[in-house]
Structure formats: structure tokens, C-alpha cells
Amino acid sequence: MNSDIKHEQLKKWINEVAELCQPDQVHWCDGTKSEYDQLMNFAVQHQMATPLKKRANSFLFRSHPSDVARLESRTYISTTNKEDAGPTNIWLDPVELKSIMSKLYTGCMRGRTLYVIPFSMGPVQSPIAKIGIEITDSPYVVCNMHIMTRVGTEVLKKLGTNGEYIPCLHSIGSPLSPGQKDSSWPCAPLEDKYISHFPEENLIWSYGSGYGGNALLGKKCLALRIASAMAKREGWMAEHMLILRLTNPQGKIFHIAAAFPSACGKTNLAMLTPVIPGWKAECIGDDIAWIKLASDGKPYAINPEYGFFGVAPGTSYESNSSAMDSIKENVIFTNCALTDDGDIWWEGMDGEVPNHVIDWKGNDWTRGNKEPAAHANARFTAPARQCPVICPDWEKVEGVPIDIFIFGGRRASVVPLVHEAYNWDHGVFLGATASSETTAANIGAVGNLRRDPFAMQPFCGYNMGDYFQHWLDMGDRMGKNAPKIFYVNWFRKNAEGKWLWPGFGDNSRVLKWMCERVEGKTGAVETPIGYMPRPEDLDLSGLNLSPEFLTELLRVDPVAWQTEAADVEKNHFVKFGNRLPKRLTQQLDALKKRLGV
Ligand code: GTP
Ligand code: SPV
Ligand code: MN
């Protein structure tokens, strides 16, 4: 295969890495089903994967208990000047970081195969797409990349003899000595794990973890961290956003892009089943949007991915039937529980809790056990084309025109169900000050309130202050074509800790209000934080929501919001120093004034 590769610079890079990492062999991936099958066979034979009797061509992997999610504390943005990484990223000097990692990479693939994965983020022929080459020593990563990205010879063909690509070097960091038995999820200890980005040279080096965004480098590393820096330089946007198409009963189409932090509802909203008669929703993407302004002045978005890497716990026919129907076959499950009849299970699935399963650690688990059977960040990897509500235009090379941007997060209190920005700058302020409770999608404390601007806190590959400015600049360029901006919170709770809002399919009620706002067909009231629906502006037909719950969902507590504003000023905006756009300070001042501060 190597001899067929016409791209000299690519071959040179592969040879250099092979010399450094010293694998037993090099395999160029062609993206075919037979390649996938061979790798899965290998994983099954080496007790890394369990084939599932109940789901065709589907496999369960159990990760090492130390390697269960993204690792923000070991994720680096490495730029020449520290200020260019900004206050929200962990920075290391590129020379120092490369020296540390080169030592780790030395001989790290001994006893293993080096796989070269040519992949495209976005439909191969899309003008918005980008090519990456991931080197990895993990068959699990190769199989996941097969599902999550477009892999194979088509990509190499497009690359030609000198095409541009983003080099993504990954190793699990666990060489094998001759005769050594492999473990079922080899990885390196925490202190040797590095997920490193060099945005000045569009380069990714990841070492030591085999899980999710740490290892499937097309996703967060390329499509968000590196792409956001490229987008800033080149005048487009790389966002942590789902994309969905909503069609109203009159047949009018709306495209919505929504940014929520990890494990805060993107996959669920992307696939929602509207509860309001006559409204139809179709999924275009569930995690990432790449957006470019077209000649008509509108922002067009593509989903750069090819599959879903979705949170398993909580997914059920009740909450997300489209996700359940997407995962019937050809799926990789990670850290789910295994039932006695050879299926997967997790907390929140429909039906009875099984009496006995093998939990995500591989141990016997019986009903009533205090520990969850599936890890809270257990995931499914499924081809997007298997989604029953995938939009027929999901692979349209020019993307779809966005009408509405939504920001949001997980807030048990203070933040109402929905509010609308007064204008673009106010919308950018809403994005820039977004906050959420932390989730199991990252290794670390869960439930801690933090600012997560634009749901990009862990994913912006450059100074977040400059990113805010980029949003303002894009708005200026779009002018009257700029989408309306909304902010939602599906997660407000009452004093007893109960969700006030049913969520999931009922979120269509809120989307309907947004679409009618775009059309100028429905009312709203001005509040200090933005426009909000009056109870009568929301379509609540058929919903059994108590008046007290509705009042609480739409309540804006001025005192609590004064505290929010003070927190933004004293703990958030200060971090950005002179990189904070003046226009956002003006928005904060205007908010304070509306709050009477
Ligand atoms: P990442 O893949 O990490 O980026 O997550 P995501 O933003 O796609 O989140 P996802 O849709 O997978 O939802 C995460 C968790 O939140 C799941 O357990 C869901 O069941 C739950 N969830 C999603 N939407 C809602 C909602 O509207 N209301 C409530 N209460 N829970 C929700
Ligand atoms: C997220 O954490 O936002 C994810 C999962 O989508 S991972 O691919 O691990 O980043
Ligand atoms: Mn995500």
C-alpha cells in the first residue's frame, strides 16, 4: 500500500513517526468493511471486545477505569506566546512540550501496529471539508474513526501528491515487550497522558489515552480546537453545535444550530421527536458545526462528522427513540453493561432493570447495587446514516443555511427555560457568559457550576477573548442575515430537586416559539435578560404542566441575576484583560442597568 501513496511529504511524516515509535508494522487504512471486520476480529480474539448476540455487527468495549472520558486537565494548547492560548486553556511551550512527548513516543508502539487513517471531516467533496491523517496504535480507534469520519482511499485520492492535511499523531502509550500479554484496554498512567495541540502549525499530538475525544482526533482535537483557530484566521466558524432542520405545518423550513456543553442535550435535541402536531424535525449533526458565509451572505453549516459518539445512560425509546433506532446494528458500545442474553444495558433504558448484568468494569452486578452498571460517560458509536430522522440534505456539500443559534447549559436554578437576545451583540454576550454544571464527559468533579462560553471552554484552540471578537466580527459581516440568538435551560429544578420541564420531545414547544419569533408571528415580553415568551406565547397544548411550574420556569429573579452579573464581571470577564471586546463590556453594563444595579 505504501508504494501506492503519491504524497511524498505524507510518506516522509509516516516514516519519521514509524522510526520514532518503532511499531512492528505499518498498516495504511482503506476504510473498507473487510478492514473493519479484521480489526474487530483482532479485538475480539485479544479479549478487548465482546460481540453482542442481540445486535448485528456490534461490539462492547470496557475501558480502563482511569480512562473513561476526556481529560481537560491534560489537554494543552501550545502556542509560541502564552497569551495566544488565553486564560481558558492550559498552555505549555511548544519546544518543551514536544521534547517531553518525543521521549514518550520513543518506542511507544513496540509490539503493536501503526495504523495510518486518512480521513475527511465533512463530505469528501465539500468545499468546507478538511482532511486529517491520524496515526494510531489502537484498533479501537481505527474502528471508531471508520464510523465517526469518512476514512479511506477516496481521501488519499483527494489529497493527491501535495494536498494539505492535518497531522494527528496518537498513541495509547503502552508498548509490548516480546511475549507480553496485552491488557484489554492498554493506556498510559495519568501523568504521562497528553492531548496536545499546536494550532500555529495545525498539528495534534495525543499520548496515553484511548478514550473518545482524547483519541478519536478528528472530533474535538481537529474539528474544534485546531479548526477553531483555522476558522479565526480564515473567517469561518467551528462550533460545538448540533444542527437540525425543523419544518412547520406550512412547510417552511428552519435550520437551527445549538451549542450546549458536553452531556447537556445536543444529541437529544438533534434527534427530537416534536410533540406538536404538524411539526417535523430532521437531524443533520449532533455535536459539531462548521459554518461558512456563502455568497448570499447567509451562514451555511455542515456536520463534519459521519457518526454519533453519543452518551448512553438516559437514552431510551421514551427519551430519544431515534437514537435507539440508530443503534440496532453496526455499533461500538463503550463502558455499557452486558446483559446475560448478550445485549447492552445502561441506567435509564426502557423497561425493567435487569436482575443481573456484567458492569462496565467487567464485574457481576445485581439489581439494587449502589454503583451504576454503566459508566456515566458510557457511549455508543453509530453511523449517522442509521438515524431514522437523518435529514436527506445532511451530506449536502454546501451545507444548510442557519436561521437560529441557541446557547444553553445545565442550570438547576436562576436561568429560565428560554430567553431571546435583543440583538447580535447581546446574543454574543449570552454565548460568552454561558454557564453549566460540569458532567461526566470530562474526568473531574461533576455538578460544579462553571462558565462554559459558547460550550467551547474545553474546545477553543486560541484565546477565548479573540474568539468572542470573532463572533462579533462574523455578526458584522452577516448583518441582516445574522441568525437570531436564543438561550435555553432544560434543566431548571424546583425546591424538591425535580425537573420543572419535561424536556426531550417537549423541547419542540420552545423551538416553535423561536421559529415564530423569526417570522414575527408571536409575542414576547422584555425582561432585564432578554425577550421572553409570556405563558400564552408558548404552545403548551396537551402538556400537563402546573401553573406553578410554568411560573418558575419563566421566572427572572432580579437579585439572582444581579449576582450573575457580578460574577461575570468579577470572576469571568476579568480573566480576558485587554482581549475582552469592549462591546461585551457594554453589554454587561446594559444588563446591569436593566437590572437596576
Ligand atoms: P456530548 O456528546 O458530550 O457533547 O453530549 P450532548 O450535549 O450530546 O448530550 P446528550 O444529548 O447526550 O444528553 C446528555 C444527558 O442529558 C443524557 O443523559 C440525556 O438523557 C440528558 N438530557 C438530554 N436532553 C434533556 C432534556 O431535555 N431534559 C433532561 N432532563 N435531560 C436531558
Ligand atoms: C464531548 O465531551 O463533548 C463529547 C464526547 O462529545 S468526546 O468525544 O469524548 O469529546
Ligand atoms: Mn460534544
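Residues numbered from 1 in each chain as written. Chains lettered and ligands numbered in written order. Predicted model: local features only at pLDDT ≥ 70, side-chain atom pairs only at ≥ 80, totals over all residues. Heavy atoms only, no water.

## Topic: the packing of helix α15 (residues 558–572) against helix α16 (residues 582–594)
Okay, so step 1: Packing of α15 against α16 leaves a shortest axis separation of 10 Å and a crossing angle of 155°. If you check the angle between α15 and α16, you find them roughly antiparallel. By crossing handedness, the relation of α15 to α16 is classed as left-handed. Along its contact with α15, which presents A565, V568 and E569, the element α16 presents L588, L591 and K592. (Axes fitted to C-alpha atoms, helices over the stretch in contact; angles between N-to-C directions. Helix = DSSP H or I, 4+ residues; strand = E, 2+ residues; numbered from the N terminus. Parallel < 35°, antiparallel > 145°, perpendicular 65-115°, else oblique. Left-handed = near helix turned anticlockwise from the far one by under 90°. Contact = heavy atoms within 4.5 Å.)

## Remarks on the site of ligand 1
Okay, so step 1: A263, K266, T267, N268 and R379 are the nearest of the 22 residues found near ligand 1.
Okay, so step 2: Measuring from an oxygen atom of ligand 1, one finds a side-chain N or O atom of D287 at 3.1 Å.
Okay, so step 3: Its free accessible area being 650 Å², ligand 1 has 92% of it covered by the protein chains.
Okay, so step 4: Judged by the fraction of its atoms near the pocket grid, ligand 1 is located in the largest pocket.
Okay, so step 5: Broken down by secondary-structure element, the contributors of at least two residues to the shell around ligand 1 are α9 (266–270) and β18 (307–311).
Okay, so step 6: In terms of residue count, the dominant contributor to the shell around ligand 1 is α9 (three residues).
Okay, so step 7: Tallied by class, residues from the shell around ligand 1 come to 10 nonpolar, eight polar and four charged.
Okay, so step 8: Counting the residues that make up the shell around ligand 1, at least three belong to each of domain 2 (238–305 + 394–594) and domain 3 (307–386). (Near = heavy atom within 4 Å. Polar contact = N/O pair within 3.5 Å; in protein donor to acceptor, adjacent residues only side chain to side chain. Areas by Shrake-Rupley, 256 points an atom, 1.4 Å probe, with all protein chains shown as cover. 1 Å grid on protein atoms, 1.4 Å probe; cavity = no way out; pocket = protein on both sides within 12 Å on 5 of 7 lines; lining within 4 Å. Sits in = over half its atoms within 2 Å of the grid points. Nonpolar A, V, L, I, M, F, W, Y, C, P; charged D, E, K, R; others polar. Domains from an automatic or database assignment.)

## Some words on the pattern of salt bridges
Close approach of charged atoms allows side chains with opposite charge to pair.
Okay, so step 1: Using the criterion set out here, one finds 38 salt bridges in the structure.
Okay, so step 2: Between R579 and D84 there is a salt bridge; the shortest N-O distance is 3.1 Å. Highlighted residues: R579 in the loop between α15 and α16 and D84 in helix α3 (residues 82–85), separated in sequence by 495 residues.
Okay, so step 3: R579 sits in the partly exposed class, given a relative accessible area of 24%.
Okay, so step 4: Of the charged contacts, one joins E305 and K219 as a salt bridge, the two residues approaching to 2.9 Å between their closest N and O atoms. Here E305 is found in the loop between β17 (299–302) and β18, whereas its partner K219 is found in helix α8 (residues 218–234), with 86 residues between them in sequence. In this pair, the class of E305 matches that of K219, namely buried.
Okay, so step 5: Sharing partners across several salt bridges, the network here consists of K219, K220, K266, D287 and E305. (Salt bridge = Lys/Arg side-chain N within 4 Å of Asp/Glu carboxyl O. Buried < 20%, exposed > 50% of the residue type's maximum accessible area, 1.4 Å probe, protein only.)

## A look at the domain arrangement of the protein
Okay, so step 1: Considered domain by domain, the protein is made up of domain 1 (2–50 + 70–235), domain 2 (238–305 + 394–594) and domain 3 (307–386).
Okay, so step 2: Domain 1 and domain 3 are separated by 27 Å when their C-alpha centres are compared.
Okay, so step 3: Counting the surface lost from both domain 1 and domain 3, the interface buries some 970 Å², and carbon and sulfur atoms represent 67% of this.
Okay, so step 4: Taken together, the connections running from domain 1 to domain 3 amount to zero salt bridges.
Okay, so step 5: Here domain 1 is connected to domain 3 by four residue pairs in polar contact (both at pLDDT 80 or more).
Okay, so step 6: Listed by contribution, the elements that provide at least two residues to the side of domain 1 that touches domain 3 are α2 (33–45) and α5 (139–148).
Okay, so step 7: In terms of residues, the side of domain 1 that touches domain 3 owes the most to one element, α5, which gives five residues.
Okay, so step 8: Broken down by class, the residue content of the side of domain 1 that touches domain 3 amounts to nine nonpolar, three polar and one charged. (Buried area = accessible area lost by both parts, 1.4 Å probe.)

## Observations regarding the coordination of the manganese ion (ligand 3)
Okay, so step 1: Protein coordination at the manganese ion (ligand 3): the donors are K220 (NZ), H240 (NE2) and D287 (OD), at 2.1 to 2.4 Å from the metal.
Okay, so step 2: Taken together, the six donor atoms coordinating the manganese ion (ligand 3) and their angles of 71 to 172° define a geometry best described as irregular.
Okay, so step 3: Taken in sequence order, the residues that donate to the manganese ion (ligand 3) follow the motif K-x19-H-x46-D. Placement of K220 in helix α8 and of H240 in the loop between β12 (237–239) and β13 (242–247) is noted, with a sequence separation of 20 residues between them. Here the two residues K220 and H240 agree in accessibility, since each one is buried. (Donors = N, O, S within 2.8 Å, 3.2 Å for Na, K, Ca; no water. Tetrahedral: all angles 85-135°; square planar, octahedral: opposite > 155°, others 65-115°.)

## Some words on the packing of aromatic side chains
Okay, so step 1: Within this structure, the stated rule accounts for 29 aromatic pairs.
Okay, so step 2: Look at F486 and W513: their rings are 5.8 Å apart centre to centre, the planes differ by 75°, and that puts the pair in the edge-to-face class. Residue F486 is located in strand β30 (residues 484–488), and its partner W513 is located in helix α13 (residues 507–518); the two are separated by 27 residues in the primary sequence. Grouping residues by exposure puts F486 and W513 together as buried.
Okay, so step 3: The aromatic ring of Y194 is capped on one face by R74, whose charged end is 4.6 Å from the ring centroid.
Okay, so step 4: Across the ring face of F459, the terminal group of K220 is positioned such that the distance to the ring centre comes to 4.4 Å. (Phe/Tyr/Trp six-rings, centres within 6.5 Å; stacked < 30°, edge-to-face > 60°. Lys NZ or Arg CZ within 6 Å of the ring centre and 35° of its normal.)

## Topic: the sheet that holds strand β2 (residues 49–51)
Okay, so step 1: Read across the open sheet, the five strands follow the order β2-β3-β19-β24-β18; overall the sheet is mixed. Edge positions in the sheet fall to β2 and β18, since each of these pairs with one other strand and no more. Within this sheet the neighbouring strands show an average axis-to-axis angle of 20°, counted without direction.
Okay, so step 2: Note that strand β19 (residues 332–334) and strand β24 (residues 379–383) share three bridges and pair antiparallel. Within β24, the residue paired with F333 across the bridge is F380. (Pairing = 2+ DSSP bridges.)

## Some words on the nonpolar core
Soluble globular proteins tend to pack their nonpolar side chains together in the buried interior.
Okay, so step 1: Of all hydrophobic cores here, the largest spans 166 residues; its most connected members are F61, W290, F333, W346, W471 and M514.
Okay, so step 2: It is α8 that contributes the most residues to this core, nine residues altogether.
Okay, so step 3: Those residues in contact with M514 that lie beyond four places of it in its chain are I404, I406, V418, F486 and V488.
Okay, so step 4: Counting 33 residues, the second-largest nonpolar core is a separate cluster that includes L97, I135, L156 and W205. (Core = buried A, V, L, I, M, F, W, Y, C linked by side-chain atoms within 4.5 Å.)

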